[in-house]
Amino acid sequence: MREIVIGGAQMGPIQKADSREAVVERMLKLLSQAKVAGCDLVVFPELCLTTFFPRWYMEDQSEVDGWFEHAMPNDATAPLFTAARSAGIAISFGYAEATAEGQYFNTSILTDSEANIIGKYRKVHLPGHSEFDTERAFQHLEKRYFAPGDLGFPVWRNMDAIMGMCICNDRRWPEVYRVMGLQGVELVMLGYNTPSLNSQLAGEALERRLYHSDLSMTSGAYQNSTWVVGVAKAGDEDSHPLMAGSIIVDPNGYVVARASGEGDELIIHACDMDACNFGKSTVFDFGRHRRIEHYARICEQTGVELPD
Ligand code: ING
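This text gives an overview of the structure that appears in the document. (Residues numbered from 1 in each chain as written. Predicted model: local features only at pLDDT ≥ 70, side-chain atom pairs only at ≥ 80, totals over all residues. Heavy atoms only, no water.)

### A closer look at the pattern of salt bridges
Where charged atoms from two side chains of opposite charge come close, those side chains can pair.
Here's step 1: One pass over the structure, following the stated rule, counts 17 salt bridges.
Here's step 2: A salt bridge links Glu-237 to Arg-55; its shortest N-O distance comes to 2.9 Å. Linking Glu-237 in strand β10 (residues 235–237) with Arg-55 in the loop between β2 (41–43) and α2 (61–65), this pair joins segments that are 182 residues apart in sequence. In terms of burial, Glu-237 and Arg-55 fall into one category: buried.
Here's step 3: With a shortest N-O distance of 2.8 Å, Arg-122 and Glu-97 are connected by a salt bridge. Separated by 25 residues along the polypeptide, Arg-122 in strand β5 (residues 117–122) and Glu-97 in strand β3 (residues 90–98) bring together distant segments of the chain.
Here's step 4: Connected through shared salt-bridge partners, Glu-97, Lys-120, Arg-122 and Asp-150 make up one network. (Salt bridge = Lys/Arg side-chain N within 4 Å of Asp/Glu carboxyl O. Helix = DSSP H or I, 4+ residues; strand = E, 2+ residues; numbered from the N terminus. Buried < 20%, exposed > 50% of the residue type's maximum accessible area, 1.4 Å probe, protein only.)

### Let's talk about the site of the ligand
Here's step 1: Every one of the 13 residues lining the ligand counts as a neighbour, but Glu-142, Cys-168, Asn-169, Arg-172 and Thr-194 are closest to it.
Here's step 2: The side chain of Glu-142 places a nitrogen or oxygen atom 2.9 Å from a nitrogen atom of the ligand.
Here's step 3: The backbone of Asn-193 places a nitrogen or oxygen atom 3.1 Å from a nitrogen atom of the ligand.
Here's step 4: Computed on the free molecule, the ligand has an accessible area of 360 Å², of which 81% lies beneath the protein chains in the complex.
Here's step 5: A molecule is said to occupy a pocket when more than half its atoms come within 2 Å of that pocket's grid points, and by this definition the ligand occupies the largest pocket.
Here's step 6: Within the shell around the ligand, the residues separate by chemical class into three nonpolar, four polar and six charged. (Near = heavy atom within 4 Å. Polar contact = N/O pair within 3.5 Å; in protein donor to acceptor, adjacent residues only side chain to side chain. Areas by Shrake-Rupley, 256 points an atom, 1.4 Å probe, with all protein chains shown as cover. 1 Å grid on protein atoms, 1.4 Å probe; cavity = no way out; pocket = protein on both sides within 12 Å on 5 of 7 lines; lining within 4 Å. Sits in = over half its atoms within 2 Å of the grid points. Nonpolar A, V, L, I, M, F, W, Y, C, P; charged D, E, K, R; others polar.)

Geometric values such as these leave the question of function open.
Structure representation (structure tokens):
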């Protein structure tokens, strides 16, 4: 049995004024809880070091730049890597990445048990818009501040399992799980910062948005016979509510752990990676069942092409 005890480290709100150091202190507390609980791996949310700044319209590039990390590890996050290394816990977390070439991505990394970064993912599906949208109750400017990810959907062998990452809106797109599923993924880790309200549909209830988040992750898990861990940054950030609902989903699509609150909270489950095997060798034995001669539209079309 290839068991990995996984912790989902849900974070409560990060205010615009909060320092990275203060945030890292909170992450260290969750990491030490995970150590006590015997976790082997801890997953943190999307953009875990700062407030969800794409809700703010900015024109001053130096102000925008201040939300990004220019190196990883760096001074603010070094204590996290040191603590993870001494605890022997692998970590994954999201942050805003500025590259030496001047590119800007919504990024997440994965380490091994010695806190060596073995994987990087850059968010491919950027929701929202790039210019100030007067029609919206609040802004969601990911297309303004980030470029679409350029690394695809890779997987890595880590801790005797095949692991991959995606970020937030990516979890809503079945192609994301399938591309990793076609590489044998057994654990998909993702963080999210999902507004509790729909900026374009007043009155959409929170429970509906939580349902869609669950639906996206449970179907991704089931249809690719993989574990999925989805971890929220939640709560009110400068009076903008983000939903919680962090979950761990097993390869049959069942939720085996769920956060109860909207604050810093560790959810834990002992995940047997061999639980992926049955689905991958029966109902979702891709090699035996898929008929790719009929799937061309998925790669040849971006949008809809209506019939005559
Ligand atoms: N946030 C949201 C998400 O995909 C969103 C944006 C919410 C899009 C609900 C569509 C529906 O969870 C991020 N950061 O992608």
